[in-house]
Each structure stands twice: as structure tokens, then as C-alpha cells.
Amino acid sequence: MNTSVLTDYYYICADILKDYLPCIPKLKLTNAKGYYGQIQYDGNNEFTIRLSKWNLDCGKRKYWDDEDIDELIDTICHEFAHILYWKHGTKHTDTTNQMRNFVNSTLKILECEAKLRIIDGFQKESKVAI
Ligand SMILES: [Zn+2]
């Protein structure tokens, strides 16, 4: 299956932050050169977030390094923070940082849990073999 890293991380971030957001904006991927991410208010508490493939997309997951992923998560959190604070400023910056830290911490915990499940699986297998 050929899913976009941009789309995957957008919905991973949205899922992690859903309790802190009044809504999850629609996602559109664009080829814009003038922004990394952009949010538009559509009325009725609905929003659209655009992510620029031109500026953010590195192609298949194997071509992405940690810095690229950090930049993508930062962009997504920056746009999500605009739902709570429309204008740039201290509150928007603080909210972006809190969201980014929460997403990164949650991803690390999920990674550890996945490793523990593998270890647990090996232990169960060895008990059966004994
Ligand atoms: Zn902004």
C-alpha cells in the first residue's frame, strides 16, 4: 500500500491530540511553494489544513530522517494550535510547543510499548519451548 507519510502523520497527530481539539480539520495536500502548512476557517467550526508536499514531502518513509519528521510534526502542531489561537503570538507558540512535546512523548511511549510486546512475545515462546 502506498500511503503518504504526510497523511499518516497528520492523522497520528490528530488522534493523539483529539482530546485537546474542538474538531479535526479536513486535510488537503498541495504543491504550494509559499507555505509549509496553512489553515483556513470554513465556517461552522470547520477548518481545512493544507500541507505542502513541495516543502515537506520526502517521498517514501525510508527517505525521511528524524529532522524531516520533526519538521512535519511541528508544522502539523503549528496549524492545530491555530484552531485554539488564530493569531501568532506567545499563546500560539506555547500551544504549538506543548502539542509537539505531547505528540513526541506519546510516539516514544508507543515505540517502547511495541518493543515490550516483542520481548513479551519472545518470553512466552521460550516458556512454551521449555
Ligand atoms: Zn501560523
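Computed from a prediction, not measured in an experiment: that's the story for all the values here.

Caption draft 1: Representation of the sheet that holds strand β1 (residues 26–30). The mixed open sheet is built from 3 strands, whose spatial order is β1-β3-β2. Edge positions in the sheet fall to β1 and β2 (37–43), since each has one partner strand and no second. Between one strand axis and the next, the sheet turns through 25° on average, direction left out of account. Pairing of β1 with strand β3 (residues 46–52) involves 5 bridges; the strand directions are parallel. Looking at β3, one finds that L29 is bridged to L51. Most of the contacts of helix α3 (residues 66–84) go to β2, to which it runs at about 25°, and overall it touches β2 and β3.

Caption draft 2: Representation of the nonpolar core in the model. Within the largest apolar cluster, 17 residues are counted, with the highest numbers of intra-cluster contacts made by Y9, C13, I73, I76, C77 and F80. For this core, the secondary-structure elements that each account for two or more residues are α1 (5–17), β3, α3 and α4 (90–129). Ranked by residues supplied to this core, first place goes to α3 with 7 residues. In contact with C77, not counting residues within four places along its chain, are C13, T96, M99, R100 and V103.

Caption draft 3: Inspection of α1 at higher detail. The end-to-end C-alpha distance of α1, which contains 13 residues, comes to 18 Å, matching closely the 18 Å that a straight helix rising 1.5 Å per residue would cover. Of all the residues in α1, the buried ones are L6, Y9, Y10, C13 and L17. Buried residues of α1, viewed axially, fall in a sector of 105°; they line one side. The exposed residues of α1 that point more than 90 degrees off its buried face are T7, D8 and D15.

Scoring rules and cut-offs
- Residues numbered from 1 in each chain as written.
- Predicted model: local features only at pLDDT ≥ 70, side-chain atom pairs only at ≥ 80, totals over all residues.
- Pairing = 2+ DSSP bridges.
- Helix = DSSP H or I, 4+ residues; strand = E, 2+ residues; numbered from the N terminus.
- Axes fitted to C-alpha atoms, helices over the stretch in contact; angles between N-to-C directions.
- Contact = placed C-beta atoms within 7 Å.
- Core = buried A, V, L, I, M, F, W, Y, C linked by C-beta atoms within 7 Å.
- Buried ≥ 20, exposed ≤ 12 C-beta atoms within 10 Å, placed from the backbone.
- Expected span 1.5 Å × (residues − 1).
- Arc of directions from axis to C-beta.

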